[in-house]
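What follows is each chain in one-letter form.
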Amino acid sequence: MYKLFLTLRYLRKRRIAYAAVGAVTLCAAMVLIVMSVLGGFVQEMKAKARALLGDVILDNRSYHGFPLYEELIAEISTWPEIQRATPVLYSWGLLRFPQIEQTATVRVVGVRLEDVYEVNGFRRSLYYEQHYPGTTSLGPQKQAILGVAEEGTGGALSAVPRLPEPLHSANERARAAGVRDTDEYDREWTSFRKSLEKDGITPYPGVFALPDGMDDSPRWEGEEHPGLVIGRDIVGVRQPEGRYRRLGFYPRGYVVTLTLLPTTEAGDISGQPIKRAFRYADDSRTGVHDIDSNYVYCEFALLQRLLQMDEAQREDGSRVPGRCSQIQIKIAPGHDPAKAAERLSKFVADFAYSGRFALNISERELLRRTRAETWEQSQRHVIAPIEKERVLMQIVMGIISLVAVLLVLCILYMIVLQKTRDVGVLKSVGASSTGVGAIFVMYGAAVGAVGGLLGAALGWTFMVNINEIQEFLISIHPGMRVWDFSVYAFDRIPSRVEPVDAVGVFVASILACTGGSFAAAWRAARMEPVEALRYE
Amino acid sequence: MSDARQREAGATAAAVVGGTSADGARGAFLRAEGVSRTYRLGRVEVPVLRRADLSVRRGEFAAIMGKSGSGKSTLLHVLGALDEPQEGQVLVDGEPVYAPVGRRSYRARALDVLSVHERRRNRLRRNTFGFVFQFYHLLPELTVFENVLVTEMVRTGVLRWPTARGEARRRVAAELERVGLSHRLSHRPNELSGGERQRVAIARALVHRPSVLLADEPTGNLDATSGAAIMAIFQALHAAGQTIVMVTHDATVAACADRVLHLDDGRLAAK
């Protein structure tokens, strides 16, 4: 009992111990922050990769894709571990915004929207789809005009902004479901909305075209064009303070053009580039800068046709199978994606040589090279280096934390020297050497526990507010931005603290300080009571 | 104090000086036999005790006098299981305190719980002996009450403490009242006078009812008035049957004892 009693009393009364506690607090906080930022970065990367790719992907890493994807999907869809599979096409193109004379090279992705909603988390990244559920389409569509409608009865009629159906009803459903506007664009537009709110009018989220002419009723206008989902960072430019500025006034439904280079069956560029008009259907806001600043999404069948990768007939009457770049697969709950990927890889190899389909050598080779990978395996080139970096940083931080351990060692050793006579007194009243040593081990552990707890709390608080802290620093000077979204892929610093990391840091602090206290404890224990009593 | 102890206290104190007498040794509670202790000062070995013998009966008040550096304190430490002699043995109630000469470590073991002899020495210091030092040696972070209570904590052990705590606190309060410090319980040592500090040290040495009180120059650091007050306490304790071995260089103080021994050239002699 005296060990605990004296440990707590020394902790409270020896002010030098506060220095040790302070050092441990700072080290623990530092380690937790580094672990959380890098760990959060990896987690975010994994979550985004999984949300954008599905559980397993079939890919041959060839620009001109692989054939027999429909047959493959039909076969594997009967497997119990496969919940849903969808083909995806990747290409490159030139995106032009005619009204604002802006052109960008983009990665064009062909998707089947309904399927991709089921296979991965693409739907959650769509801004307008969140606020107007069910209205985002890659099919033919016109321009929605935000008009004016009369509301009220009799003499209390008033004109309010109104979107055409089904947008208006869809937005009412979203509002009823508690979806809050998260638009990060255009301060001017925000101030316009605020003025509407001031007049008791609830503004619509997003940006829509306004009527041009006498008829100001809400309506659909213009020629029908297929829809195109555009990455957030293509439509807008992120400002140093974090908000987005649109490249001019560019509302949903405006026309954009996409120029594509079709490829031959052999993988060469064939003929002339193809230009096609689309309507801007939605923003994709995945939060991954590389994706949001490069990717646009259109209908799979349309892109396949434009790239001349759809099914065709040769002059000799033989069939040229359609091709896709990738098949994204959702694995049924309770099944292991890695095992499913393994089975799929074997199946595709057999499938290529099954002889059930008339394939030429090139097509068979494209199919033979197709491999199944889990989302994690496909992203290992990104995830593995960050995980290594995380381990490396933990080692570096651990080495830095040794300073705290050495400080604890020095302080405790000093306290033992100061308390030499106390050691003699305790031994003279019958305390064992082991018991006396235990006081200083417990003292070290207590310094570690208090420092670790304070450090974990400090680190946690810092992490929770890390983006606000950065914004505050940027408000002082834009050059104080620490997290550059164009470098680190994500627009916000990962701020999630894993409780297990916090507990780990706390336990490690206790262990480290306990370790640091052994030398002092050993000296105290080995002290002869008579020498200790005579110590000056 | 039991009747038996009172009777023992009244019995004639027999000390065996300068050799072991069978008559004297018989019935002695605390006995040193041929104790030698040498200290090393650099390369020079300084013998402090040379085959010193001593027997103390229960209830006896023995004073040991000697010049400064004559080894009085060393003898007291050896008697109280604090310092291991190179030769000889100390017996408490007939039981040896130290390991046989060839198996002594002359250095505290960090894991002394693994050694039977070290455990026995700890037990003796915990239960049998009570120490009063010249410089009080109170723990400065603790209050008067806590300084005494810590002895009870050491003695009781963590598992028995929850049930023994109330009784221990009562005993500590009673002991501090006996030395006249019940009004100073929450004071810290630096808020007390020298005499008061020594009284706290006496309370600490007596709270666990030790068989032998070992006092090393208990008045050496006090003024005459405070010294007299401390000696009055010692005499009262002796009258109540407490066995006391006191080291002093002050003849007036030594006069309070039943008998006075003189340590000279590492050996004890009756004055």
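Residues numbered from 1 in each chain as written. Chains lettered and ligands numbered in written order. Predicted model: local features only at pLDDT ≥ 70, side-chain atom pairs only at ≥ 80, totals over all residues. Heavy atoms only, no water.

### Considerations on the overall build of chain B
Item 1. For chain B, the helix and strand inventory stands at nine helices and 10 strands.
Item 2. By residue count, 54% of the 271 residues in chain B fall in the buried class.
Item 3. As displayed, chain B offers around 11,600 Å² of accessible surface, 50% of which is attributable to carbon and sulfur atoms. (Helix = DSSP H or I, 4+ residues; strand = E, 2+ residues; numbered from the N terminus. Buried < 20%, exposed > 50% of the residue type's maximum accessible area, 1.4 Å probe, protein only. Areas by Shrake-Rupley, 256 points an atom, 1.4 Å probe, with all protein chains shown as cover.)

### Some thoughts on the interface of chain A and chain B
The figure often quoted for interface size is the accessible area lost as the parts come together.
Item 1. Between chain A and chain B, the contact holds 31 residues from the first and 34 residues from the second.
Item 2. At the boundary of chain A with chain B, total buried surface from both sides reaches about 3,100 Å², with 60% on carbon and sulfur atoms.
Item 3. Area buried by chain A at its contact with chain B is led by Met 1, Val 429 and Arg 526 of chain A, which between them contribute 20% of it.
Item 4. Inspection of the region where chain A meets chain B yields two salt bridges.
Item 5. For Glu 146 of chain B, the salt bridge identified is with Arg 9 of chain A, shortest N-O distance 2.7 Å.
Item 6. For the pair chain A and chain B, the interface holds four residue pairs in polar contact (both at pLDDT 80 or more).
Item 7. Elements with a minimum of two residues in the side of chain A that touches chain B: helix H1 (2–13), helix H15 (420–428), helix H16 (433–464), helix H19 (499–526) and helix H20 (529–534) of chain A.
Item 8. Looking at the side of chain A that touches chain B, its residues break down into 15 nonpolar, five polar and 11 charged. (Contact = heavy atoms within 4.5 Å. Buried area = accessible area lost by both parts, 1.4 Å probe. Salt bridge = Lys/Arg side-chain N within 4 Å of Asp/Glu carboxyl O. Polar contact = N/O pair within 3.5 Å; in protein donor to acceptor, adjacent residues only side chain to side chain. Nonpolar A, V, L, I, M, F, W, Y, C, P; charged D, E, K, R; others polar.)

### A look at unusual backbone geometry
Item 1. For the peptide bond that leads from Glu 165 of chain A to Pro 166 of chain A, omega is 5°, which places it in the cis range.
Item 2. Along the chain, the position of Pro 166 of chain A falls in the loop between strand E7 (158–162) and helix H6 (167–176).
Item 3. Positive phi, close to 55°, is recorded for Asp 93 of chain B, a residue that is not glycine.
Item 4. In this fold, Asp 93 of chain B is placed in the loop between strand E4 (87–92) and strand E5 (95–96).

### Section: the packing of helix H2 (residues 16–53) of chain A against helix H14 (residues 380–418) of chain A
For any two helices packed against each other, the geometry comes down to the angle between their axes and how far apart the axes lie.
Residue and element names in this part refer to chain A.
Item 1. For the pair H2 and H14, the least separation of the axes is 9 Å and the interaxial angle reads 175°. The angle between H2 and H14 places the two elements in the roughly antiparallel class.
Item 2. When the residues that make up the contact of H2 with H14 are grouped by side-chain class, the tally is 26 nonpolar, three polar and four charged. (Axes fitted to C-alpha atoms, helices over the stretch in contact; angles between N-to-C directions. Parallel < 35°, antiparallel > 145°, perpendicular 65-115°, else oblique.)

### Some points on the domain arrangement of chain A
Item 1. What the domain assignment reports for chain A is domain 1 (2–48 + 381–534) and domain 2 (61–369).
Item 2. Taking only C-alpha atoms into account, the centre of domain 1 of chain A sits 49 Å from that of domain 2 of chain A. (Domains from an automatic or database assignment.)

### Here's the deal with the pattern of salt bridges
All names here are of chain A.
Item 1. Going through the model one piece at a time under the given rule, you end up with 32 salt bridges over all chains.
Item 2. Ionic pairing is found between Arg 319 and Glu 311, a salt bridge with its closest N-O pair at 3.0 Å.
Item 3. Between Arg 368 and Glu 365 there is a salt bridge, and its shortest N-O distance comes to 2.7 Å. Of this pair, Arg 368 and Glu 365 both sit in helix H12 (residues 361–368), three residues apart, which is roughly one turn of the helix.

### A closer look at the sheet that holds strand E3 (residues 61–66) of chain B
Residues and elements named next belong to chain B.
Item 1. Taken together, the six strands give an open sheet; going across it, the order is E6-E7-E8-E3-E9-E10, and neighbouring strands pair in mixed fashion. Each edge of the open sheet carries a strand with a single partner, namely strand E6 (129–132) and strand E10 (267–270). With strand direction ignored, the average angle separating the axes of adjacent strands in the sheet is 20°.
Item 2. Pairing of strand E7 (residues 212–216) with strand E8 (residues 243–248), which is carried by five bridges, proceeds in the parallel orientation. If you follow Leu 214 over to E8, its bridge partner there is Val 245. (Pairing = 2+ DSSP bridges.)

### What about the confidence of the model for chain B?
Item 1. Averaged over every residue, the pLDDT of chain B is 81; residues scoring 70 or more account for 85%.
Item 2. Every residue in residues 1–25 of chain B is under pLDDT 50, and counting partners more than four places away or in other chains gives 50 contacts. (pLDDT = per-residue confidence, 0-100.)

### Observations concerning the sheet that holds strand E2 (residues 44–56) of chain B
All names here are of chain B.
Item 1. Across the sheet, four strands lie side by side as E2-E1-E4-E5; this open sheet has antiparallel pairing. In this open sheet, the two strands that pair with only one neighbour each are E2 and E5.
Item 2. Strand direction decides the pairing type here: strand E1 (residues 30–41) and E4, joined by five bridges, are antiparallel. When the bridges of E4 are listed, Ser 36 appears paired with Glu 87.

### Section: the nonpolar core
Item 1. Ranked by size, the top nonpolar core spans 107 residues in total, and within it Leu 30 and Phe 234 of chain B carry the most contacts.
Item 2. The contact partners of Phe 234 of chain B, leaving out residues within four places of it in the chain, are Phe 61, Ile 202, Leu 213, Ala 215, Pro 218, Ile 244 and Met 246 of chain B.
Item 3. Membership of the second largest hydrophobic core comes to 65 residues, among which are Ile 82, Leu 167, Tyr 254 and Leu 306 of chain A. (Core = buried A, V, L, I, M, F, W, Y, C linked by side-chain atoms within 4.5 Å.)

### Topic: the pairing of E8 of chain B
Residues and elements named next belong to chain B.
Item 1. Taking burial as the measure, the six residues of E8 include six buried ones, the bulk of the element.
Item 2. Alternating positions in E8 separate into two faces, Thr 243, Val 245 and Val 247 on one and Ile 244, Met 246 and Thr 248 on the other, with burial throughout.
Item 3. Looking at chain direction, E3 and E8 are connected through five bridges and run parallel. Note that in E8 the partner of Ala 62 across the bridge is Val 245.
Item 4. Traced from E7 through helix H8 (residues 224–239) to E8, the parallel crossover comes out right-handed. (Right-handed = clockwise from strand over helix to strand, strands pointing away.)

### Comments concerning a nonpolar patch on the surface
Residue and element names in this part refer to chain A.
Item 1. Residues Val 391, Ile 395, Ile 399 and Leu 402 make up a contiguous nonpolar surface patch of roughly 370 Å² in combined accessible area.
Item 2. Summarising the element assignment, Ile 395 is placed in helix H14.
Item 3. Overall, the relative accessible area of 48% leaves Ile 395 in the partly exposed class. (Patch = residues over 30% accessible without salt bridge, like charges linked within 9 Å, V, L, I, M, F, W, Y side chains within 5 Å.)

### Remarks on the environment of Arg 124 of chain A
Residue and element names in this part refer to chain A.
Item 1. The topology assignment puts Arg 124 in the loop between helix H4 (113–119) and helix H5 (127–131).
Item 2. Residue class for Arg 124 comes out exposed when judged on its relative accessible area of 64%.
Item 3. Dropping the residues within four chain positions of it, Arg 124 is found in contact with Ala 51 and Gln 130.

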